[in-house]
Amino acid sequence: MNFLLLLLLANSNNRNDLQHHLYENSLTVIPENGINLTMSLAIRAFNNIDQIDGSISMNIWLRYSYNNEHLKWNPIDFGNISDINLNTNPDFDNFIWTPDIYLYNTAEKPMDELDYTKANVYSNGDVFWSRPGLIKSTCVFDLTYFPYDQQKCKLKFGSWAYDKSKICLDGTTSNIDISNYQEHEEWKLVDHSININSVKYECCDNEYHDIEFYYTIRRKPAYYKLNIIIPTFATATLIILTLLVPWDSGERISFAVTVLLSIIVFLLIVSENLPKTDNEPLLSRMIIRLIYFSLVGVIFTIIISCLHNNIDNKSILKSKIMKKIFSKFKLIKCCLNSNLGLDKRTDSYCEAVHGKTKEDIELEECRSLLILIEKIFVVAFFISFTIYCFFIFLSVPSY
């Protein structure tokens, strides 16, 4: 028992001695010959994807691997200790130098939410440092096919102070790890890749390396299908039912207007979830064209209702304009045409042939014409609406 305590105490003393040795010798500066840095990104989850602000908040593990010649030691001199954990936080009294990597396309204070964890340091000078935390980056959203869209975004990291002669990024072993990724409720991670760039900025003489972690996310459209698309198209089809409402009930126009306003409400709901740009998302185009269909239905309903009222009030027979319009149709027979001087048959002739007065026959013929116009409109509306639905859903991208 005493032997084990002495062994643990000796090992603790060796680690303390090694820490002091490394903190004294490593300094807080980059090695003279620079470093070859391998960066890896482990995506844990997407916390918030804001298409209005054009920003994405992610939970990640950012991993650094490099060799620092200042951190080498002989394990024999320190009780055969081959690895040790050292502080990286510059707020501590003792810490080791770490690469000054920043997120170029940040949407907030760079790297502020990443933790300064301890780094794993090995006797040959290899350093492995994993930083967990949150980052918020910018992304340009292309909402042309919203809500059937997919977005390709990136995280661009690079040194702020050191050019590529000091910090050289290695793209051969850098990678994106999604083994611990938690699926997002609205978006699906479908692809990822890496690209290393060497850029010469106008401010500086030398080139700087940066690494871009690309990832592609695809929206899951089930929510919008269930809550927006299906209800909107179902509401738009109700415009046909307005013609089944009796015109003398006084509810036909109000029903058509209610359908139109309902579709406009769906458009307002969609607009709240979209940025205020000139871009026209697919869902917005769907709803706006449904509004046009409903507007045509409302206008037609108003015109038909006015004509029915004119027939009931018998004012249509006194209007020269309406007579000219109705006389173009073959359905308007002898009595209406007789008023235009096209037929010389008298009221007694109409009563003898039809058993009704000329005025009654004229009104019945006008009602028959309106019924025919309504049927033609219903058929034309249904065909055009079906064709529109076919082509609009044909434009939905298939990934």
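Basis of the calculations
Sequence order as written defines the numbering, with residues in each chain counted from 1. Totals for whole chains, interfaces and linings use every residue, but because this is a predicted model, local features are given only for residues with pLDDT of at least 70 and side-chain atom pairs only at 80 or more, for both listing and counting. Heavy atoms from the whole structure form the basis of all side-chain values; hydrogens and water molecules are not counted. Helix and strand definitions here come from DSSP, where helices need a minimum of 4 consecutive H or I residues and strands a minimum of 2 consecutive E residues; each element is numbered from the N-terminal end. Each residue gets one of three labels from its accessible area relative to the maximum for its type: buried under 20%, exposed over 50%, partly exposed in between, using a 1.4 Å probe on protein chains only. The protein chains shown are the only cover counted for residues, whose accessible areas, like all others here, come from Shrake-Rupley with a 1.4 Å probe. Between N-to-C directions, angles span 0 to 180 degrees; the directions come from axes that are lines fitted to C-alpha atoms, helices contributing only their stretch in contact. With respect to orientation, any angle under 35 degrees is reported as roughly parallel, any angle over 145 as roughly antiparallel, any angle of 65 to 115 as roughly perpendicular, and every other angle as oblique. By the definition used in this description, the sense in which the near helix is turned from the far one sets the handedness, with an anticlockwise turn below a right angle giving left-handed and a clockwise turn giving right-handed. Contacts are assigned to residue pairs with any non-hydrogen atoms lying within 4.5 Å of each other. Under the scheme applied here, ten amino acids are nonpolar (Ala, Val, Leu, Ile, Met, Phe, Trp, Tyr, Cys and Pro), four are charged (Asp, Glu, Lys and Arg), and all others, including Gly, are polar. Strand pairing is assigned whenever DSSP detects at least two bridges linking the two strands. What counts as a ring pair is set by centres within 6.5 Å for rings of Phe, Tyr and Trp (its six-membered ring), and what kind of pair is set by the plane angle: stacked under 30 degrees, edge-to-face over 60, tilted for all other angles. Working rule: Lys NZ or Arg CZ, within 6 Å of ring centre, within 35 degrees of ring normal, means a charge sits over the ring. Within the patch definition used here, like charges are joined within 9 Å and nonpolar side chains (Val, Leu, Ile, Met, Phe, Trp, Tyr) within 5 Å, considering only residues with over 30% relative accessible area and no salt bridge. Salt bridges are identified by distance alone: a Lys or Arg side-chain nitrogen within 4 Å of an Asp or Glu carboxyl oxygen. Helix span, as expected, comes to 1.5 Å for every residue beyond the first. It is the directions from the helix axis to the C-beta atoms whose arc is reported. Residues belong to one nonpolar core when they are buried, are Ala, Val, Leu, Ile, Met, Phe, Trp, Tyr or Cys, and are joined through side-chain atoms within 4.5 Å. Confidence scores per residue from the predictor, reported as pLDDT, run from 0 to 100.

Within the chain one finds eight helices and eleven strands. A total of 399 residues make up the chain; the buried ones form 42% of that total. Here the chain has roughly 21,900 Å² of accessible surface; of this, 56% comes from carbon and sulfur atoms.

Attention now goes to the packing of helix α2 (residues 222-241) against helix α3 (residues 252-272). Running from amino to carboxyl end, α2 crosses α3 at an angle of 165°, the nearest separation of the two axes being 9 Å. In terms of their interaxial angle, α2 and α3 are classed as roughly antiparallel. For α2 against α3, the interelement crossing comes out left-handed. Residues Asn227, Ile228, Pro231, Thr232, Thr235, Ala236, Leu238, Ile239 and Leu241 of α2 form the contact with α3, whose participating residues are Phe255, Ala256, Val259, Ser262, Ile263, Phe266, Ile269 and Val270. Residues of the contact of α2 with α3, tallied by class, amount to 13 nonpolar, four polar and no charged.

Our next topic: the environment of histidine 184. Take histidine 184: it is sitting in the loop between β9 (175-177) and β10 (187-200). A relative accessible area of 16% means that histidine 184 is categorised as buried. Spatially, the C-alpha atom of histidine 184 lies 8.1 Å from that of asparagine 47, the residues being 137 residues apart in sequence. Discounting residues that sit within four places of it in the chain, histidine 184 has contacts with Phe46 and Lys220.

For the rest of this paragraph, the subject is the sheet that holds β10. Strand order in the open sheet formed by four strands is β4-β7-β11-β10, and the pairing between neighbours is antiparallel. The open sheet has two free edges, formed respectively by β4 (101-103) and β10, since each of these has just one partner strand. Pairwise comparison of adjacent strand axes, ignoring direction, gives a mean angle of 20° for this sheet.

Scanning the model with the defined rule gives 23 aromatic pairs in all. Between phenylalanine 381 and phenylalanine 385, the aromatic rings sit 6.1 Å apart at their centres with planes inclined by 10°, giving stacked as the arrangement. Here the residue phenylalanine 381 and the residue phenylalanine 385 both occupy positions in helix α8 (residues 358-394), the gap between them amounting to four residues, near one helical turn. Here phenylalanine 381 and phenylalanine 385 have matching classes, each one buried. Of the aromatic side chains, those joined through ring pairs into one cluster are Phe233, Phe293, Phe300, Phe377, Phe381, Phe385, Tyr388 and Phe393. Here the guanidinium or amino end of arginine 131 rests over the ring plane of tyrosine 116, the centre of that ring lying 4.5 Å away. Across the ring face of tyrosine 214, the terminal group of lysine 152 is positioned such that the distance to the ring centre comes to 5.2 Å.

A grouping of Val379, Phe382, Ile383, Ile387, Phe390, Phe391 and Leu394 is seen on the molecular surface, where their side chains present a nonpolar patch of about 730 Å² in accessible area. Look at leucine 394 and you get exposed, because its relative accessible area is 56%.

What follows covers α3. Look at α3: 31 Å from first C-alpha to last across 21 residues, which is about the 30 Å you get at 1.5 Å a residue. Of all the residues in α3, the buried ones are Arg252, Ala256, Val259, Leu260, Ile263, Phe266, Leu267 and Val270. Along the axis of α3, the buried residues cluster in a sector spanning 110°; they form a single face. Facing away from the buried side of α3 by more than 90 degrees, the exposed set consists of Leu268 and Glu272.

This paragraph deals with the nonpolar core. Counting residues in hydrophobic clusters, the biggest one holds 87 residues, and the most contacted among them are Met39, Ile56 and Phe157. Tallying contributions element by element places helix α4 (residues 282-312) first for this core, with eleven residues. What phenylalanine 157 contacts, discounting residues up to four positions off in sequence, is Met39, Leu62, Ile101, Tyr102, Leu103, Met111, Ile135, Leu169, Asp210, Ile211 and Phe213.

Residue phenylalanine 146 is joined to proline 147 through a cis peptide bond whose omega torsion reads 5°. With respect to the helices and strands, proline 147 occurs in the loop between β6 (126-138) and β7 (150-159).

Turning our attention to the pairing of strand β5 (residues 119-122). Only one face of β5 is buried, namely the one carrying Ala119 and Val121, since none of Asn120 and Tyr122 on the opposite face is buried. Pairing between strand β3 (residues 83-86) and β5: four bridges, direction antiparallel. Within β5, the position partnered with isoleucine 84 by the bridge is valine 121. In this sheet, β6 lies alongside β5 in antiparallel orientation, the contact comprising two bridges. Its bridge partner lying in β6, valine 121 is registered against valine 127.

Of all ten residues in β7, seven are buried; the element is thus mostly enclosed. Pairing between β7 and strand β11 (residues 207-219): nine bridges, direction antiparallel. Looking at β11, one finds that glycine 158 is bridged to aspartate 210.

Turning next to α2. For α2, which comprises 20 residues, the first-to-last C-alpha distance of 28 Å matches the rise-based estimate of 28 Å (1.5 Å per residue) to within 8%. Residues Tyr224, Ile228, Ile229, Thr232, Phe233, Thr235, Ala236, Ile239 and Ile240 constitute the buried set of α2.

The subject of this paragraph is the confidence of the model for the chain. Per-residue confidence for the chain gives a mean pLDDT of 82, with 81% of residues at or over 70. Confidence over residues 1-10 falls short of pLDDT 50; this stretch has zero contacts with residues more than four positions distant or in other chains. Ignoring residues within four places in sequence, the model shows residues 330-345, a span with pLDDT below 50, making 32 contacts including any to other chains.

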